[in-house]
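Inside the fold
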Amino acid sequence: MDMLRVKKVLNNNALIAEHPVYNEVVLLGKGIGFKKIAGDQITKAEVEKVFVLKNPEEQRQYVELVRQVGEEFVALMNEAIAYVESMLNAPLNEHIHVSLTDHLYFALKRIRDGVEIRNPFRLETELAYPLEYKVALKLAEWLQERLGLAIPEDEVGFIALHIHCALSNAHISNVTKRTQLITQLVNIVENAFKMPVDRNDINYFRFIRHLHFTIDRIESGKYADDVGFLNETLQKECPLSYTLAWKLMKCMQNILKKPVPEAEAVYLTLHLQRLYNAIQAVGCN
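Note on numbering: residues in each chain are counted from 1, in written sequence order. With the structure being a predicted model, the display of local features is reserved for residues of pLDDT at least 70 and the display and counting of side-chain atom pairs for 80 or more, all residues being used for whole-chain, interface and lining totals. The side-chain quantities take in all heavy atoms of the structure and omit both hydrogens and water.

**Quick notes on the overall build of the protein**
Secondary structure is summarised from DSSP: a helix means a run of H or I of at least four residues, a strand means a run of E of at least two, and numbering begins at the N terminus for each. The number of helices and strands found in the protein is 11 helices and five strands. To get the radius of gyration, use the C-alpha atoms; to get the globule rule, take the number of residues to the power 0.38 and multiply by 2.2 Å. Expected size for 285 residues packed as a compact globule is a radius of gyration near 19 Å; at 24 Å, the protein overshoots this value by more than 25%. Principal-axis analysis of the C-alpha atoms places the extent of the protein at approximately 75 × 40 × 30 Å. We call two residues in contact when some of their heavy atoms are within 4.5 Å. When contacts within the protein are restricted to residue pairs at least 6 apart in sequence, long-range pairs at least 24 apart make up 66% of them. Looking at the protein as shown, the accessible area adds up to about 15,100 Å², and 51% of this sits on carbon and sulfur atoms. If the 33 positive side-chain charges of the protein are averaged to one point and the 36 negative ones to another, these points end up 2 Å apart. For every accessible area listed, the method is Shrake-Rupley and the probe measures 1.4 Å; residues are considered covered only by the protein chains on display. Only four residue types enter the charge count, namely Lys and Arg as positive and Asp and Glu as negative; His and the chain termini do not. Here the site of a charge means atom NZ of a Lys, CZ of an Arg, CG of an Asp or CD of a Glu.

This is the structure in structure tokens:
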């Protein structure tokens, strides 16, 4: 580790240090800031975690966050994030020290105050990011043991989004926009079918997963194989689902501002027809 010296002590467990390459880094470690003053040298043994907040605004946010939530909660979150990294066996984007700490501080306060946590995108999040959701469940159990506070599953969905963002280097606002887009697409489907979709149906799981893959392909420009030869057949055999597929594609194109290849109509129609058949079967019972 390069020679590091204290620039500013945040609390007993966190400080900002001068770095020869990154200018400033945040150092975490139990007692690392205790009795330290600007200019003091920091030994390698004292440092448990180093992260770089290159954006000056992020640095300001973290300093303010540490002041606001207190050093005990910062220490807890540092431990929690290390626990998540150990479960994933992968490093997380360092911004999670700001985003998840800030989110959980206020979420836990609401839970203590008896305020209901509502997440309309929880199931879609679980379907889209099963690994992150599983880790978020484990983290919720860990927090419950440490704090004696039950974490509702709707909150687990929010935690999973933060973990996904830190794992994929995506911004939370972009992930949230995608989830909102998928919810909008589901609403279009339900309006067209004139019936609600069973969120626990396996066909719904597959449909949501396919929507995420479709959006991935649209955003990356890596389109699906050309299966246009099925278009005419599906248009005749599944007219409602085929027309609805094109409506969903137009919605995605308008929101994502990118072209949607015609081949997607085939895949969407097949998924939509399975959903429609499942709804019809329930309605006949």
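**Considerations on unusual backbone geometry**
In this structure, Lys-35 takes a positive phi of about 60° despite not being glycine. For Lys-35, the position within the fold is in the loop between β3 (23–28) and β4 (41–42). Accessibility expressed as a relative area gives 69% for Lys-35, which makes it exposed. The backbone of Asn-89 shows a phi angle near 55°, a positive value even though the residue is not glycine. In this structure, Asn-89 sits in the loop between α2 (71–88) and α3 (96–112). Relative accessibility thresholds used throughout: buried, under 20% of the residue-type maximum; exposed, over 50%; partly exposed, between the two (1.4 Å probe, protein chains only).

**Examining α2**
Across its 18 residues, α2 extends 26 Å between first and last C-alpha, which sits within 8% of the 26 Å expected from 1.5 Å per residue. By the burial criterion, the buried members of α2 are Phe-73, Val-74, Leu-76, Met-77, Asn-78, Ala-80, Ile-81, Val-84, Glu-85 and Leu-88. Count one or two residues on from α2 and you reach Asn-89, which has phi positive near 55°. To estimate the expected span of a helix, count its residues, drop one, and scale the result by 1.5 Å.

**Some points on the layout of surface pockets**
As a volume, the largest pocket reaches approximately 330 Å³. The wall of the largest pocket is formed by 14 residues, among which Lys-30, Glu-48, Ala-75, Asn-78 and Glu-79 lie closest to the centre. For the lining of the largest pocket, the element with the highest residue contribution is α2, accounting for seven residues. Each residue belonging to the lining of the largest pocket can be placed in one class, and the counts come to five nonpolar, four polar and five charged. Cavities and pockets were defined on a 1 Å grid built over protein atoms only: a cavity is a set of grid points that admits a 1.4 Å probe from which the probe cannot escape, a pocket is an open set flanked by protein on both sides within 12 Å along at least five of seven lines, and lining residues are those with an atom within 4 Å of any such point. Grid points are joined across faces, edges and corners, and a volume is the space filled by probe spheres set on the points. Asp, Glu, Lys and Arg are counted as charged, while Ala, Val, Leu, Ile, Met, Phe, Trp, Tyr, Cys and Pro are counted as nonpolar; the rest, among them Gly, fall into the polar class.

**Examining the packing of aromatic side chains**
Centre distance within 6.5 Å is the pairing criterion for rings of Phe, Tyr and Trp, where only the six-membered ring of Trp is used; planes under 30 degrees apart are then read as stacked, over 60 as edge-to-face, and the remainder as tilted. Within this structure, the stated rule accounts for five aromatic pairs. For the ring pair Phe-73 and Tyr-105, a centre distance of 5.4 Å and an interplane angle of 70° mean the geometry is edge-to-face. Here Phe-73, found in helix α2, pairs with Tyr-105, found in helix α3; they are 32 residues apart in sequence, far enough to count as distant. Aromatic side chains Tyr-242 and Trp-246 sit 6.5 Å apart centroid to centroid with 65° between the ring planes, which places their arrangement in the edge-to-face category.

**Digging into the pairing of strand β1 (residues 4–11)**
Of the strand pairs in this sheet, β1 and β4 are connected by two bridges, and their pairing is antiparallel. Residue pairing for β4: Leu-4 is matched across the bridge by Ile-42. Only strands that DSSP links by at least two bridges are regarded as paired with each other. Of the pairings in the sheet, the one linking β1 to strand β2 (residues 14–19) comprises five bridges and is antiparallel in character. Bridging from a neighbouring strand, Arg-5 pairs with Glu-18 of β2. Connecting the antiparallel pair β1 and β2 is a turn made up of two residues.

**Looking at the side chain of Arg-217**
Tracing the sequence through the fold places Arg-217 in helix α8 (residues 202–220). You can call Arg-217 buried: its relative accessible area is 19%.

**What to know about the environment of Glu-79**
Residue position: Glu-79 is located in helix α2. Along the primary structure Glu-79 and Leu-10 are separated by 69 residues, whereas in three dimensions their C-alpha atoms are 17 Å apart. N or O atoms within 3.5 Å of each other form a polar contact, as long as, within protein, one can give a hydrogen and the other can take it, and as long as residues adjacent in sequence are counted only when both atoms are side-chain atoms. Within the structure, the side chain of Glu-79 is placed 2.8 Å from the side chain of Arg-146, a separation counted as a polar contact.

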